[in-house]
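Chain by chain, the residues:
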Amino acid sequence: MKKIFLFLKNKGPGFIACAIIAILAQIIARFVPTIGAALFAIGIGILCGNTFLNRKSLDEGTRFSERNLLEYSIVLTGATLLLKDIIALGGSGLIFIVCQMTLTVTTAYLLGRKLGFTKKFSLLMGAGNAVCGSSAIATVSPVVKADSKEKGISITIVNVTGTVLMVTLPILTGILYGHEKLRTSAMIGGTLQSIGQVIASANLVGPSFVPTTTLFKIIRIVFLVFVAFIYSKLNTEPNEKLFSKKSETTKTKTIGVPWFIIGFFILAAINSIGLIPSVIGNAAHTISQQFEIIALAAIGMRVKFKDLLREGPKSLGYGLLIGCFQVLFAFILIHLIFR
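Please read all numbers here as calculations on a predicted model, not as lab measurements.

A. Summary view of helix H2 (residues 12-31). For H2, with 20 residues, the first-to-last C-alpha span of 30 Å sits near the 28 Å given by 1.5 Å per residue. Listed as buried for H2 are Gly 12, Gly 14, Ala 17, Cys 18, Ala 19, Ile 21, Ala 22, Ala 25 and Ala 29. Against the buried residues of H2 lie helix H1 (2-10), helix H3 (37-49), helix H4 (59-78) and helix H14 (278-301).

Next up, the structure:
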């Protein structure tokens, strides 16, 4: 009972604000179905989060809505998929993701160093863009011993880049691929920074694109384990070569596969053997969609104009440049792999 009271006290106000925005977005979307509730939720969230709802008391609730509800949504999505759908991506999907992530991390690091940024900041930008946004940055920050300023700036820039691409990629994939499902899903799921941005962007194309797009993103999240391991072997001291041996052996935190990824595959496996009735599968799908829209409202609420102005044009330009390279790499790889 005490835990429930603390939850309602700390996270309740922010969660309720996001839920109201989500409901409002869905009502408006009924009159403008071509735009959809996802974009309205983000847009209203940004507007409210920078005006009358720009309050510290809402931060815990919006953070919970953005991160936890998306995790629950991903798990529930597993109840609507079959393992054969996941396996259908096959080796081609895996090769695409590995190449895309490798190129993104390498380019982010080289660009960052060329522009005069530190090794640690450049590596954080590489992980954030290549894997899963702020979650990846939070995971690898202690591995490379980044300070709180480097962590905060990289999270802000990566989220800005992802927000821009989230809106532009559905337009671009329509022009390039006529919204053909596999290539569109690969571009969005293999490029966008956070899982929330992936789901939002896929929704802008159409709800039917969300499962396949999410699969590409999930593969990237699983690879966070390998990115963290590689980062732990790098020498991030200012006057040392990146691949030189570290002067002292340090223990790094063991990185495991996120719980919601495991939950996703478990429910997909249960659904594949026919143990999830259609009525439960439909309910899981509906709940998952509602969680997504509330989470997207939270993402909008957490985009602050003052943070963007504070970082300056150089940092913002660096982030957007990485995003452009990601799209270019994805375009080339999709052309080579998914013919």
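B. Here's a closer look at the environment of Ile 20. Position of Ile 20 among the secondary structure elements: in helix H2. The exposure class assigned to Ile 20 is exposed, which follows from its relative accessible area of 53%. Residues Ile 20 and Phe 209, spaced 189 residues apart in sequence, show a C-alpha to C-alpha distance of 25 Å.

C. Seen up close, the packing of helix H11 (residues 210-222) against helix H13 (residues 259-272). It is the contact of H11 with H13, at a shortest axis distance of 10 Å, that shows an interaxial angle of 135 degrees. What the angle tells us is that H11 and H13 run oblique. For H11 against H13, the interelement crossing comes out left-handed. Taken together, the residues of H13 that come into contact with H11 (itself represented by Leu 215, Ile 218, Ile 221 and Val 222) are Phe 260, Ile 261, Phe 264 and Phe 265. Grouping the constituent residues of the contact of H11 with H13 by class yields eight nonpolar, no polar and no charged.

D. Summary view of a positive patch on the surface. There is a patch of like positive charges on the surface, built from Lys 56, Arg 63, Arg 67, Lys 151 and Lys 306. Checked against the element boundaries, Arg 63 lands in helix H4. Classification of Arg 63 as partly exposed rests on a relative accessible area of 40%.

What counts and what doesn't
Residues numbered from 1 in each chain as written. Predicted model: local features only at pLDDT ≥ 70, side-chain atom pairs only at ≥ 80, totals over all residues. Heavy atoms only, no water. Helix = DSSP H or I, 4+ residues; strand = E, 2+ residues; numbered from the N terminus. Expected span 1.5 Å × (residues − 1). Buried < 20%, exposed > 50% of the residue type's maximum accessible area, 1.4 Å probe, protein only. Contact = heavy atoms within 4.5 Å. Axes fitted to C-alpha atoms, helices over the stretch in contact; angles between N-to-C directions. Parallel < 35°, antiparallel > 145°, perpendicular 65-115°, else oblique. Left-handed = near helix turned anticlockwise from the far one by under 90°. Nonpolar A, V, L, I, M, F, W, Y, C, P; charged D, E, K, R; others polar. Patch = residues over 30% accessible without salt bridge, like charges linked within 9 Å, V, L, I, M, F, W, Y side chains within 5 Å. Areas by Shrake-Rupley, 256 points an atom, 1.4 Å probe, with all protein chains shown as cover. Salt bridge = Lys/Arg side-chain N within 4 Å of Asp/Glu carboxyl O. Lys, Arg positive; Asp, Glu negative; His and termini not counted. Charge placed at Lys NZ, Arg CZ, Asp CG, Glu CD.

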